Amino acid sequence: MPSPLFADRPAQPPESGAVDALISQARRLRGEVDAVRRDSVADEDDPHQRWQRALCDLAVHQLDDLGAHFGQLKAGLPGPAPAPSDTAAAYAEAALEGVPGQRITGSLLSRVGSAEWDLLTDDAHWSEELFQIFGRPRENGPMSLDELPSMVFAEDQPLLQALVTDCLIDGKPIDGEFRIVRTDGRVRTVHMTGEPVLDADGCTASMWAVLRDVSELRRSERAVRETRDSFQRHQHIEHTERRVAVELQEAVLPPWRGSLRFAHDGPAPLDVAGHYLPAATPGLIGGDWYDALALPDGDALLTVGDLTGHGVAATSSMAMLLGALRGMAVAGIRPGALMGHLNQLLDSSVQPALGSAMCCRYDPAAQVLTWSQAGHPAPLLFRDGAGRALGRPEGVLLGATTSAAYEEAETRLFPGDLLLLHTDGLTRTAGRPDDVAGTERLLGLGGRLAAARDAQECVRAVVEEFGEGPREDDACVMVVRVGR
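In this text the structure is predicted, and so the values were computed from the model without any measurement.

Asker: Just to check I follow, could you spell out the overall build of the protein for this structure?
Answerer: Scanning the protein from N- to C-terminus turns up 12 helices and 16 strands. Evaluated residue by residue, the protein yields a buried proportion of 44% over its 484 residues. Within the protein, contacts between residues at least 6 apart in sequence are counted, and of these 64% link residues at least 24 apart. Carbon and sulfur atoms form 53% of the exposed surface of the protein, whose accessible area is close to 23400 Å².

Asker: Can you walk me through the pattern of salt bridges in this structure?
Answerer: Opposite charge on two side chains allows them to pair when their charged atoms are near. Throughout the structure, instances matching the rule amount to 18 salt bridges. The shortest N-O distance in the salt bridge between R219 and E216 comes to 2.7 Å. Placement of the pair is R219 and E216 together in helix α7 (residues 215–252), with a separation of three residues, close to one helical turn. Residue R383 is joined to D417 by a salt bridge in which the shortest nitrogen-to-oxygen separation is 2.6 Å. Pair noted here: R383 is in strand β12 (residues 380–383) and D417 is in the loop between β14 (409–412) and β15 (418–422), with a separation of 34 residues, a long-range link. The buried category is assigned to D417, whose relative accessible area is 2%. When salt bridges with common partners are traced through the structure, they connect R188, D213, E216 and R219 into a single cluster.

Asker: Looking at this structure, how should I read the sheet that holds strand β8 (residues 289–294)?
Answerer: Sheet strands pair via backbone hydrogen bonds, and the direction of the pair is either parallel or antiparallel. Spatially, the five strands line up as an open sheet ordered β8-β9-β10-β11-β14, and their pairing is antiparallel. In this open sheet, the two strands that pair with only one neighbour each are β8 and β14. Strand-to-strand twist in this sheet, taken as the mean axis angle between neighbours without regard to direction, amounts to 15°. Pairing geometry for strand β10 (residues 355–363) and strand β11 (residues 368–374), over seven bridges, is antiparallel. Looking at the pairing, M358 lines up with Q373 of β11.

Asker: Hey, could you run me through the pairing of β15 in this one?
Answerer: Regular strands place their side chains on alternate faces of the sheet. Counted residue by residue, β15 has five buried out of five residues, so it is predominantly covered. Covered by surrounding structure in β15 are L418, L420 and H422 together with L419 and L421, the residues of both alternating faces. As judged from the three bridges shared by β12 and β15, these two strands associate in the antiparallel manner. The partner of L380 across the bridge, within β15, is L420. With five bridges connecting them, β15 and strand β16 (residues 475–482) associate as antiparallel partners. Of the residues in β16, the one forming a bridge with H422 is V477.

Asker: Please explain unusual backbone geometry as it appears in this structure.
Answerer: Excluding glycine, most residues fall at negative phi; most peptide bonds, likewise, are trans. In this structure, D122 is a non-glycine residue whose phi angle is positive, near 65°. Residue placement: D122 occurs in the loop between β1 (112–118) and β2 (124–126). If you check the backbone angles, S403 has positive phi at about 55° while not being a glycine. Relative to the helices and strands, S403 resides in the loop between β13 (386–389) and β14. The exposure class of S403 is exposed, given its relative accessible area of 58%.

Asker: Quick question: what am I supposed to make of α7 here?
Answerer: For the α-helix, the turn length of 3.6 residues means that residues three or four positions removed from each other point alike. Look at α7: 55 Å from first C-alpha to last across 38 residues, which is about the 56 Å you get at 1.5 Å a residue. Among the residues making up α7, those that are buried are S215, L217, S220, V224, T227, S230, F231, A245, Q249 and V252.

Asker: Explain the packing of aromatic side chains to me, please; I cannot follow it from the model alone.
Answerer: Here the distance between the centres and the angle between the planes together describe a pair of aromatic rings. One pass over the structure, following the stated rule, counts two aromatic pairs. Residues W126 and F131 carry aromatic rings whose centres are separated by 5.2 Å and whose planes lie at 55° to one another, so their mutual orientation is tilted. Summarising the aromatic geometry, the rings of W126 and F134 are spaced 5.1 Å apart at their centres and angled 45° between planes, so their arrangement reads as tilted. Exposure class is identical for W126 and F134. Each is buried.

What counts, and at which threshold
- Note on numbering: residues in each chain are counted from 1, in written sequence order.
- Predicted model: local features are reported for residues with pLDDT of at least 70 only, side-chain atom pairs are reported and counted for 80 or more only, and whole-chain, interface and lining totals are derived from all residues.
- With hydrogens and water set aside, each side-chain value is computed from the structure's full complement of heavy atoms.
- Note on conventions: DSSP H or I runs of at least 4 residues are helices, E runs of at least 2 residues are strands, and numbering of each starts at the N terminus.
- Per-residue accessibility, obtained with a 1.4 Å probe over protein chains only, is compared with the maximum for each type, and a residue is labelled buried under 20%, exposed over 50%, and partly exposed between these values.
- Note on contacts: a residue pair is in contact if any heavy atoms of the two residues lie within 4.5 Å.
- To be clear on the numbers: accessible area is Shrake-Rupley with a 1.4 Å probe, and residue cover counts the displayed protein chains and nothing else.
- Salt bridge, as applied in this entry: a Lys or Arg side-chain nitrogen positioned within 4 Å of an Asp or Glu carboxyl oxygen.
- Pairs of strands are assigned from DSSP output, requiring at least two bridges between the strands.
- Angles shown run from 0 to 180 degrees and are taken between the N-to-C directions of axes, each axis being a line fitted to C-alpha atoms and, for helices, limited to the stretch in contact.
- Helix span, expected: 1.5 Å multiplied by one less than the number of residues in the helix.
- Pairing of aromatic rings covers Phe, Tyr and Trp, the last counted by its six-membered ring, and requires centre-to-centre distances within 6.5 Å; plane angles under 30 degrees mean stacked, over 60 mean edge-to-face, and any other angle means tilted.

Fair warning: the whole summary comes from geometry, so function is off the table for now.
Structure representation (structure tokens):
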């Protein structure tokens, strides 16, 4: 029978062209959302991607419903409810035509059913879809308002009773949700809307309602909430870990800012400055370090290095390694042997990692730099505006193999010489992964470095050259200038 919601005005059937346009729009949107869902990377370990996937699933459910409703709208307002194979099903099928992997099923058209309960005759009229929603055989007939609560969850029965009472007695519209247990034992969530139908005297003669199975929709909404909460927890953990990593890094790296002058016992004291360059991705706090330290015998320790990994694990391992390096240097251990001890320390660590490092010891009296490296870029020596990379002594990555031996090299430094030490993240920027090309760019700065007033100005020139573009990894640079 026609809906009493329209009893106060003549029915105005929608224009066929307008509904066709809506069906086309729903079909296009459904296809686009499905394409986004198919193209999304299904990484169950990524909370952000799980949340995005749940949102796509929710949108698909809603657009499926929308397409089916438009199909029913084009079929016309039903008298007796049409079966899924009827005209409405055909139009709902058309709404999903061209969407890969989609076909109309009974569940699409059985999600919405209608009912009317006559208070004068106690008759009840259910649409075919409502029988399908409740899983009730057609031959058992529709349920009366008194029988309906028997299929409703006990916790939801007071809500249903209040909705019906308010409608029948106070004439209020119905709008509420409750859960039912079908005859086959399956639990479904039903949304019920409706109105009282008044007789000529203004008294309630019957109650008309539309019941919609929203189980899949609610399940999708719940998945969105759960994945969103998981994503927010993941973000909070990442933020906390990043803050801890930054604080640990700031506590370990040298506290000095600007140029540091030391090794004054010799004829050529050192002017030292360093800088840390973060990666383009905010969360990539790595294990890069730089350090300069005056040693008890008057020598100077100069070191840079980089551990694999990011976050708290990388910065804590860096702190351990740098602390050990400082202690052994103060104890007088030479660079080659020192590298061997660091390798053993990293190889036996509970947090396995690989690292590249360079350790230099400068004797200001003899003006000699003794250095050793572990899979690290060689120092760049600039003299009279021209630069070159020093020949690297043998040395494998720290933690790569047990009992590795590390050779030493010696280089005589003269007043006015400039050493540039860096980690490989400096020369490997986004779009320029070639370390050789990055080294050539550094050597090309010889003229600017020679004209700089101090080591800090040299560092600023390097940062201006390499720090503007997006950086795939964090990096450190340290400039050491020999005084005149």
